[in-house]
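Structure at a glance
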Amino acid sequence: MNLTPEQVAAVEARNRRICVDAGAGSGKTRVLVQRILHLIEHDNVELDQIAAITFTDKAAAEMKSRLRRAFREKADPDNREQFKKWRHRERQVDSARICTIHAFCSGLLRENALSLGIDPDFSVLTDAEADLMRTEAITSTLHDLLEANDADAMLLAVEFDTKRLSGLLDDLLCKSGLAERALLNGNLDTPEAVSAAWEATWPDIESALLRSFCRSRTVLREIRVLERASGACTSADDKREVLRLTLLSHLHQLQKETKPNRIRAILDDIGLLDARGGKKTNWSDEQTFESVKDSLTAVKEGKKKLAFPEVDPEIERRAARLTAALAKTYRAVSDKLRSSKKERSALDFDDLISETARILQTNAKDESSICARTARSLRHVLIDEFQDTDGVQYAIADSLASAPQGPDLFYVGDAKQSIYYFRGAEVDVFTKARSEANEALPLLGNWRTAPPVLTFVNDFFQQSLLLNAVEPTYRALAPNRAATHAESIEFLIPPFLDKKTPLEAYRKEEATLIATRVLNLCSGETQVFDDRTQSLRPAVFGDAAILLRSLSNVHLYERALREAGVPYTLVAGKGFYKRQEVLDLRNLLRTIVDPWDELALIGLLRGPLVGLTDDAIVQLAGGIGAPIGIVPGFASDLSLQDATQQQRLARGRRLVQFLRDHAERPLQEFLHLVLETTGHEGIVLRQFMGLQRASNIRKVCALASGYSRSEAPRLRGFLRYLDDLAAREIREGE
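Residues numbered from 1 in each chain as written. Predicted model: local features only at pLDDT ≥ 70, side-chain atom pairs only at ≥ 80, totals over all residues. Heavy atoms only, no water.

What about the pairing of strand β2 (residues 50-54)?
Applied cut-off: Note on exposure labels: buried denotes an accessible area under 20% of the residue type's maximum, exposed denotes more than 50%, and partly exposed covers the range between, all computed with a 1.4 Å probe on protein chains only. Only DSSP runs of H or I reaching four residues or more are called helices, and only runs of E reaching two or more are called strands; each is numbered from the N terminus. Only strands that DSSP links by at least two bridges are regarded as paired with each other.
Within β2, five of the five residues are buried, which leaves the element mostly enclosed by the surrounding structure. Alternating residues of β2 divide into I50, A52 and T54 and A51 and I53, and every residue in both groups is buried. One ladder, built from four bridges, connects β2 with strand β6 (residues 380-383); its direction is parallel. When the sheet's bridge partners are listed, I53 is paired in β6 with I383. Where β2 meets strand β3 (residues 97-100), four bridges bridge the pair, whose relative direction is parallel. When the sheet's bridge partners are listed, T54 is paired in β3 with T100.

Focus: helix α19 (residues 391-402)
Inclusion rule: One fewer than the residue count of a helix, multiplied by 1.5 Å, yields its expected span. Residues adjacent in sequence count toward polar contacts only when both atoms are side-chain atoms; beyond that, a polar contact is any pair of N or O atoms within 3.5 Å, and within protein one must be able to donate a hydrogen and the other to accept it.
The end-to-end C-alpha distance of α19 is 16 Å, a good match for the 16 Å that 12 residues give at a rise of 1.5 Å each. Along α19, the positions that sit buried rather than exposed are Q393, Y394, A395, I396, A397, S399, L400 and A401. One side-chain oxygen at the N-terminal end of α19 lies 3.1 Å from the backbone nitrogen of V392; it belongs to D390.

Examining the packing of aromatic side chains
Using the following cut-off: Any Phe, Tyr or Trp ring, taking Trp's six-membered ring, that has another such ring centre within 6.5 Å forms a pair; planes under 30 degrees apart are called stacked, those over 60 apart edge-to-face, and the others tilted. Two conditions define a charge located above a ring, namely a distance within 6 Å from the ring centre to NZ of Lys or CZ of Arg, and an angle within 35 degrees of the ring normal.
Tallying each qualifying case throughout the model produces eight aromatic pairs. Pairing F386 with F430 gives two aromatic rings, centres 6.2 Å apart and planes at 55°, and the pair type is tilted. With F386 in the loop between β6 and α19 and F430 in helix α20 (residues 427-436), this pair connects stretches of sequence that are 44 residues apart. When its relative accessible area of 1% is taken as the criterion, F386 is described as buried. Feature note: the residues F386, Y394, Y411 and F430 constitute an aromatic cluster, connected by ring pairs. Seen from the ring of F122, R110 lies directly overhead, with NZ or CZ sitting 3.9 Å from the centre. Positioned above the aromatic ring of F289, the side-chain terminus of R240 is 4.0 Å from the ring centre.

Considerations on the sheet that holds strand β8 (residues 439-443)
Basically, it comes down to this: Here an angle of 0 to 180 degrees is reported between the N-to-C directions of two axes, which are lines fitted to C-alpha atoms, with helices fitted over the stretch in contact. In this description, contact between two residues means that some pair of their heavy atoms is separated by no more than 4.5 Å.
The six strands are arranged β3-β2-β6-β7-β1-β8 in an open sheet whose pairing can be described as parallel. With one partner strand each, in any of the chains shown, β3 and β8 form the two edges of the open sheet. The average angle at which neighbouring strand axes cross in this sheet is 15°, direction not considered. In this sheet, strand β7 (residues 408-413) lies alongside strand β1 (residues 17-22) in parallel orientation, the contact comprising five bridges. Across the sheet, D21 pairs through a bridge with G413, a residue of β7. Relative to the sheet, helix α2 (residues 28-42) contacts β1, β2, β6, β7 and β8, its axis offset from that of β7 by approximately 165°. Contacting β1 and β7, α20 crosses the sheet at an angle of about 125° to β1.

Side note on helix α15 (residues 286-304)
The end-to-end C-alpha distance of α15 is 28 Å, a good match for the 27 Å that 19 residues give at a rise of 1.5 Å each. Inspection of α15 places T288, F289, S291, V292, S295, L296, V299 and G302 among the buried residues, and these make up the whole buried set. Buried positions along α15 lie against α11 (191-214), α12 (217-228), α13 (239-256) and α14 (260-271). If you check the start of α15, you find a side-chain oxygen 3.1 Å away from the backbone N of Q287, and it comes from D285.

Focus on the pattern of salt bridges
A side chain of one charge can pair with a side chain of the opposite charge if their charged atoms are brought near each other. Our working rule: Criterion for a salt bridge: a side-chain nitrogen of Lys or Arg within 4 Å of a carboxyl oxygen of Asp or Glu.
By the definition in use, this model includes 39 salt bridges. The salt bridge involving E159 is made with R318; its shortest N-O contact spans 2.5 Å. Of the two residues, E159 is situated in helix α8 (residues 151-160) and R318 in helix α16 (residues 313-343); the sequence distance between them amounts to 159 residues. By relative accessible area, which is 42% here, R318 ends up partly exposed. The partner of E669 in a salt bridge is R665, and the shortest N-O contact between them spans 3.4 Å.

Re unusual backbone geometry
We note that N44 has phi near 55°; this positive angle belongs to a residue other than glycine. In the Ramachandran plot, N149 falls in the positive-phi region, its phi being about 55° despite a non-glycine side chain.

A short note on the side chain of S216
By secondary structure assignment, the location of S216 is in the loop between α11 and α12. Polar side-chain contacts of S216 include one of 2.7 Å to the backbone oxygen of F213.

Notes on the packing of helix α24 (residues 580-593) against helix α29 (residues 667-678)
Threshold: Angle categories are assigned with fixed cut-offs, so that under 35 degrees is roughly parallel, over 145 is roughly antiparallel, 65 to 115 is roughly perpendicular, and the rest are oblique. Handedness of a crossing is defined here by the sense of rotation of the near helix relative to the far one, left-handed for an anticlockwise turn of less than a right angle and right-handed for a clockwise turn. Think of it as three bins: nonpolar holds Ala, Val, Leu, Ile, Met, Phe, Trp, Tyr, Cys and Pro, charged holds Asp, Glu, Lys and Arg, and polar takes everything else, Gly as well.
The contact between α24 and α29 brings their axes to 12 Å, and the two run at 110°. Taken together, the axis directions place α24 and α29 in an arrangement best described as roughly perpendicular. Pair α24 / α29 crosses with right-handed handedness. Of the residues in α29, those in contact with L585, L588, L589 and I592 of α24 are F670, L671, V674 and T678. Residue classes in the contact of α24 with α29 are distributed as seven nonpolar, one polar and no charged.

Observations concerning the nonpolar core
For the record, the criterion: To define a nonpolar core, start from buried Ala, Val, Leu, Ile, Met, Phe, Trp, Tyr and Cys residues and group those joined through side-chain atoms within 4.5 Å.
Of all hydrophobic cores here, the largest spans 51 residues; its most connected members are L605 and F718. In this structure, L605 is in contact with V610, G611, L612, I617, L620, I630 and F634, ignoring residues within four places of it in sequence.

Comments concerning the confidence of the model for the protein
What counts, and what does not: Residue-level confidence of the predictor is summarised by pLDDT, bounded by 0 at the bottom and 100 at the top.
Mean pLDDT over the protein works out to 87, with 94% of the residues at or above the 70 mark. Ranking the helices and strands of the protein by mean pLDDT puts β6 first, with 96, and helix α10 (residues 176-184) last, with 73.

Concerning the side chain of D152
Structurally, D152 is set in helix α8. On the accessibility criterion, D152 (9% relative accessible area) is buried.

Right, here's the structure in full:
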């Protein structure tokens, strides 16, 4: 597939800083790969002089795969010298700096670990491990502070209670960069200092609000309303028509203005406008006549929200006191967390970014600094998904590019996709970098979406103005795919039941509609375009995706899909640790670790690994209402009346005893022994969505591998780790 003129321009452009504004499905990865190829082939750049930063490991792997293929295609067997050169480059791809920003930072820190005084073999915490470590730091620090009757901690605990206070501190630790700037960089240890900081900050906040209002949906929407009313009045002297023209002029001025004083002056002028007067008979219809008044009202309402809020002095003083207390308590928790990570030689993802930014900004202009040495080793830095970058990440790229003999920057992004705020992304970083670039190039051709769908998307966002905050003028995407005439936009609306019907009932109806529709689409009649074969084929279940606003009701959709016989995978959901196959494995591990855990034992015996009936379990416990409980019956030689149930019980006893005898083995080795002995994977493979269930069991073993890198790999500790993850509902994909 040949490059489009837009793509060619992006591949061949040369400048110190180039920003490519690339829409969804515009072939960004292809452009990045072709640019690397072009730099090597035409600019005499070596692969190890290029760093390509991606957002995910999967994207990095895809880019490497495409580069290998491109290098292989360049290796002409009839030209021995060229053949050797390109095959050598193909082998270099594995070690090339094509990775996520976290991997890039990790590599930089390890390379300079000794001079930085850190352990070069530090471990990188997973999200789940970092979450648990934050919880430990918060719990431990609050306990110590409250035990010592610390006045600040006591004040916060009384105001919020310890549970809410812990949640607040956890939120701050998750946004450590913002929290450090807001709470620690300034002297906020006293209420007076907090109040002074608030007063000093308000002018900047007000200026930002004013500029934001100028490009708000309110202003754009009312401009459209007023422009549509053009020609609706037959008299130029009509007071309502004069109002329309005056207000429209003011709103157009607001759109162009950036100075806060001028914006205030224009808004003050709007505030003086009066909607009284005018004759309906001069207008084509009453609705248009009234729409001018409504526009003025809407703008004035928006203006009111920009005013400095009226505050109660007592509430302000109390808020300042709480903020000062929070700053000191946060510092104590942050210090504890930092100390814990240092003891374990561990860093989380935020640490990788912040530490790298710090060392690159230290003595950056010194030729022997880490920044200068790293910058000299690179000629080009390419950054994908730049809209998902925050200020600290941009500082890393900017430090390298600003160093003497530093690399050229080439960043690709799409402001429209910044709405997801991945890892604290700041869209202003992208818009600022785009405005400061030496060259900005568009990439708006779309190869992914069928034309009818793309037309709907373009029209929806042009009309709704929903993306106005990040892209004031929506730039429509152009379809580069041929239409198959099978694509459509459908609305599945559950039938109206009753005003008193609970929302969950509608969710169930909606879930049933969706499951039925997916089943119909994948029945063999619907054709989809296959990117791999570049041709049409019947739709299969793997072609369908269900996007939910939240996962709070995901169980309803899962049940509907199961009832319809539609296989599915839950991606990054909160229910992973409560999957039945995962619970069965956790019950077995609990029974091995704690012989007196009655609930775990009942779950094990009732589950597929042993398979006792409810009657057999009641008999094992000594009958209904028996005070003994099930543990003594399981530990004794008590027999069951049913021969089949007795065989299963005996097998369960042997299984538990055998695994207890081997529980001191290395963690991962022990878990593999559990799977081999129980045949758990084989059992779930025979169930609905068996392959997915087996994969979930394997994932528990993979979690053990990550746990072993940061903790002593013992079964009891790992089981507590799983329980903590389940209790905190850590998001985990299947």
